[in-house]
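One-letter residues, chain by chain:
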Amino acid sequence: MGTVGFIGGKFLPLHLGHVHAITRAACLCDELYVVLSFSQARDRKLCEKAGIQIMPYEVRLRWLSGLVKDMENVHVLAVEDTAETDEAYDWAAGAADIRRKIGKRIDYVFSSETSYEPIFQQLYPEARHIILDAERKQVPISATRIREEGIFTHWEHIPAIVRPTFVKKVVVVGTESCGKSTLTRYLAKLYNTVFVEEYGRTVCEEVGGCETILTEDYYPHIAYGHKMKEYEAIKQANKVVFVDTEAVVTQFYSELYTGRTFSVLDQVAKEQQYDLWLYMEPDVPWVDDGLRVHGENQVRHENNEKLKRMLDDRHIAYVSIAGSYHERLRQAMDHVDALLHKPSQ
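### Things to note about the sheet that holds strand β7 (residues 195-196)
Thinking step 1. Here five strands make up an open sheet; going across it, the order is β7-β8-β6-β9-β10 and the pairing parallel. Each edge of the sheet is formed by a strand with only one pairing partner; in this case those strands are β7 and β10 (319-321).

Pasting the structure below:
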């Protein structure tokens, strides 16, 4: 029978220091159990106190499972307690739960804290306590410090599998020829990240014409395809992802070109979540790119008001972006900078 070890923590959030310890521990025993210790009340309070995004245990469990999925001797467990604070944690009850969950003799207990030595000797007398990077020389970071100083401040210490949870999503909306696509691309360049292009435009280019030739069945497909592009982009994003258009605008174009609304588009619009909406006013020259057909000033104004009503009816808060292209870029950057520097990261 091989040796068994475990390493535990709240992983609030999981960071590269944890990854370092887990990886080293996995090499020191035949079976390693990574134990997520969580308390709904305590963990929520810790996040709220730091003004940081709540991290449910299911999300943390997903991070850990994804991290170790190709480590054959590593298993992930979740053990719940009811402590309201770290100080109120019942170590003896927690140890009993961990033993019960693992169900095997424990040979090694891994941590990065020398202060745990007495309690581990008492609770796991048969196990050897192995301390990994106690001085944090290998990875100079802690979850407490990340919570206090912000996720983005320590982005380099956030594992790739964790980053998508915290990526901010900025969507750029508006009617025809208002500079959405250009602004989306430019912002992505400036913030060294990725963007999601308007999928309806992609479909138009595939079928070889403007949106007037798209039949009704295309619009749910556009909304679905766009969300899949978003999903993939978020996994590659650097703190923020910029999105050109979304489901409400797709519904707007469906009404404009086919006279139909789709309940599936309303449902997608209801479920989607963006951190910042940039609304592009149609006060720049209309450009005929071969795909647009509503260039008259009166029509542009009417379409603009209609789209705004659709957003207002859904209680969507947006900021208007207007002026020259340079002014638009500056305004957008001001709003994005404010978003990224909010304490409630």
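### Focus on the UniProt feature "domain: Cytidyltransferase-like" (unreviewed entry) in the protein chain
Thinking step 1. Here the UniProt feature "domain: Cytidyltransferase-like" (unreviewed entry) sits at residues 7-148.
Thinking step 2. Secondary structure across residues 7-148 divides into 42% helix and 18% strand, with the first and last C-alpha atoms of the span separated by 24 Å.

### A look at the side chain of serine 37
Thinking step 1. Within the secondary structure layout, serine 37 lies in strand β2 (residues 31-38).
Thinking step 2. Separated by 3.5 Å, the side chains of serine 37 and aspartate 81 make a polar contact.

### Here's the deal with the domain arrangement of the protein chain
Thinking step 1. Once the domains are mapped, the protein chain shows domain 1 (4-157) and domain 2 (167-341).
Thinking step 2. The C-alpha centroid of domain 2 is placed 42 Å from the C-alpha centroid of domain 1.

### Re unusual backbone geometry
Thinking step 1. Geometrically, the link from leucine 12 to proline 13 is a cis peptide bond, its omega value of 5 degrees lying close to zero.
Thinking step 2. Residue aspartate 133 is not a glycine yet carries a positive backbone phi of 50 degrees.
Thinking step 3. Assignment of secondary structure puts aspartate 133 in the loop between β5 (128-131) and α6 (143-149).
Thinking step 4. Look at asparagine 192: it is not a glycine, yet its phi comes out positive at around 50 degrees.
Thinking step 5. Relative to the helices and strands, asparagine 192 is located in the loop between α8 (180-190) and β7.
Thinking step 6. On the basis of relative accessible area, asparagine 192 is assigned to the exposed category, the value being 61%.

### Things to note about the packing of aromatic side chains
Thinking step 1. Inspection of every chain in the model, using the stated rule, returns 15 aromatic pairs.
Thinking step 2. Arranged with centres 6.0 Å apart and planes meeting at 40 degrees, the rings of tryptophan 63 and phenylalanine 166 form a pair that is tilted. Linking tryptophan 63 in helix α3 (residues 57-68) with phenylalanine 166 in helix α7 (residues 163-166), this pair joins segments that are 103 residues apart in sequence. The same class applies to tryptophan 63 and to phenylalanine 166, which are both buried.
Thinking step 3. Ring centres of phenylalanine 120 and tyrosine 124 lie 5.9 Å apart, and the angle between their planes is 65 degrees; this geometry places the pair in the edge-to-face category.

### Some remarks on a nonpolar patch on the surface
Thinking step 1. There is a patch of nonpolar side chains on the surface, built from Tyr224, Met228 and Tyr231 and spanning about 360 Å² of accessible area.
Thinking step 2. Here tyrosine 224 lies in helix α10 (residues 218-236).
Thinking step 3. Of the residues examined, tyrosine 224 reaches a relative accessible area of 57% and is grouped as exposed.

### Brief notes about the pattern of salt bridges
Thinking step 1. Within the structure shown, the criterion is met by 21 salt bridges.
Thinking step 2. One salt bridge in this structure joins lysine 45 and glutamate 84, with 2.7 Å as the shortest N-O distance. Residue lysine 45 is found in helix α2 (residues 40-50), and its partner glutamate 84 is found in the loop between β3 (74-80) and α4 (91-102); the two are separated by 39 residues along the sequence.
Thinking step 3. Notably, a salt bridge pairs lysine 308 with glutamate 281, separated by 2.6 Å at the nearest N-O pair. Remark: glutamate 281 occurs in the loop between β9 (276-280) and α13 (297-313) and lysine 308 occurs in helix α13; sequence separation between them is 27 residues. Here lysine 308 and glutamate 281 have matching classes, each one buried.
Thinking step 4. Among the ionic contacts, a cluster of salt bridges with common partners joins Lys10, Arg42, Asp43, Arg60, Asp81 and Asp86.

### Overview of the nonpolar core
Thinking step 1. In terms of nonpolar packing, the biggest core is built from 87 residues, with Ile22, Leu32, Phe110 and Leu278 touching the most fellow members.
Thinking step 2. When residues in this core are grouped by element, the largest group, six residues, is from helix α11 (residues 247-258).
Thinking step 3. For phenylalanine 110, the contacting residues outside a window of four places in its chain are Gly5, Phe6, Ile7, Gly8, Ala25, Leu28, Cys29, Leu32, Ile130 and Leu132.
Thinking step 4. In this structure, Val4, Leu77, Leu123 and Tyr124 belong to the second largest nonpolar core, which totals 15 residues.

### Notes on the packing of α10 against helix α12 (residues 263-271)
Thinking step 1. Between α10 and α12, whose axes approach to 9 Å, the crossing angle comes to 25 degrees. What the angle tells us is that α10 and α12 run roughly parallel. By crossing handedness, the relation of α10 to α12 is classed as left-handed. Note on element contacts: α12 touches α10 through Val264, Leu265 and Val268, opposite Tyr219, Pro220, Ala223 and Lys227.
Thinking step 2. When its residues are assigned to classes, the contact of α10 with α12 shows six nonpolar, no polar and one charged.

### Considerations on the confidence of the model for the protein chain
Do not read the fine detail of predicted coordinates wherever pLDDT is low.
Thinking step 1. In the predicted model, the protein chain carries a mean pLDDT of 91, and the fraction of residues at 70 or more is 91%.
Thinking step 2. Scored below 50 in pLDDT, residues 289-293 makes 19 contacts in the model with residues more than four places away or belonging to other chains.

### Re the environment of tyrosine 274
Thinking step 1. Relative to the assigned elements, tyrosine 274 resides in the loop between α12 and β9.
Thinking step 2. Separated by 28 residues in sequence, tyrosine 274 and glutamate 246 place their C-alpha atoms 9.9 Å apart.
Thinking step 3. Once you skip the residues sitting within four places of it in the chain, tyrosine 274 turns out to touch Lys169, Val171, Lys227, Glu230, Val243 and Glu246.
Thinking step 4. A polar contact is formed between the side chain of tyrosine 274 and the side chain of glutamate 230, at a distance of 2.4 Å.

Rules used in this analysis
- Residues numbered from 1 in each chain as written.
- Predicted model: local features only at pLDDT ≥ 70, side-chain atom pairs only at ≥ 80, totals over all residues.
- Heavy atoms only, no water.
- Pairing = 2+ DSSP bridges.
- Helix = DSSP H or I, 4+ residues; strand = E, 2+ residues; numbered from the N terminus.
- UniProt positions renumbered as here; feature names shortened; annotations may be inferred.
- Polar contact = N/O pair within 3.5 Å; in protein donor to acceptor, adjacent residues only side chain to side chain.
- Domains from an automatic or database assignment.
- Buried < 20%, exposed > 50% of the residue type's maximum accessible area, 1.4 Å probe, protein only.
- Phe/Tyr/Trp six-rings, centres within 6.5 Å; stacked < 30°, edge-to-face > 60°.
- Patch = residues over 30% accessible without salt bridge, like charges linked within 9 Å, V, L, I, M, F, W, Y side chains within 5 Å.
- Areas by Shrake-Rupley, 256 points an atom, 1.4 Å probe, with all protein chains shown as cover.
- Salt bridge = Lys/Arg side-chain N within 4 Å of Asp/Glu carboxyl O.
- Core = buried A, V, L, I, M, F, W, Y, C linked by side-chain atoms within 4.5 Å.
- Contact = heavy atoms within 4.5 Å.
- Axes fitted to C-alpha atoms, helices over the stretch in contact; angles between N-to-C directions.
- Parallel < 35°, antiparallel > 145°, perpendicular 65-115°, else oblique.
- Left-handed = near helix turned anticlockwise from the far one by under 90°.
- Nonpolar A, V, L, I, M, F, W, Y, C, P; charged D, E, K, R; others polar.
- pLDDT = per-residue confidence, 0-100.

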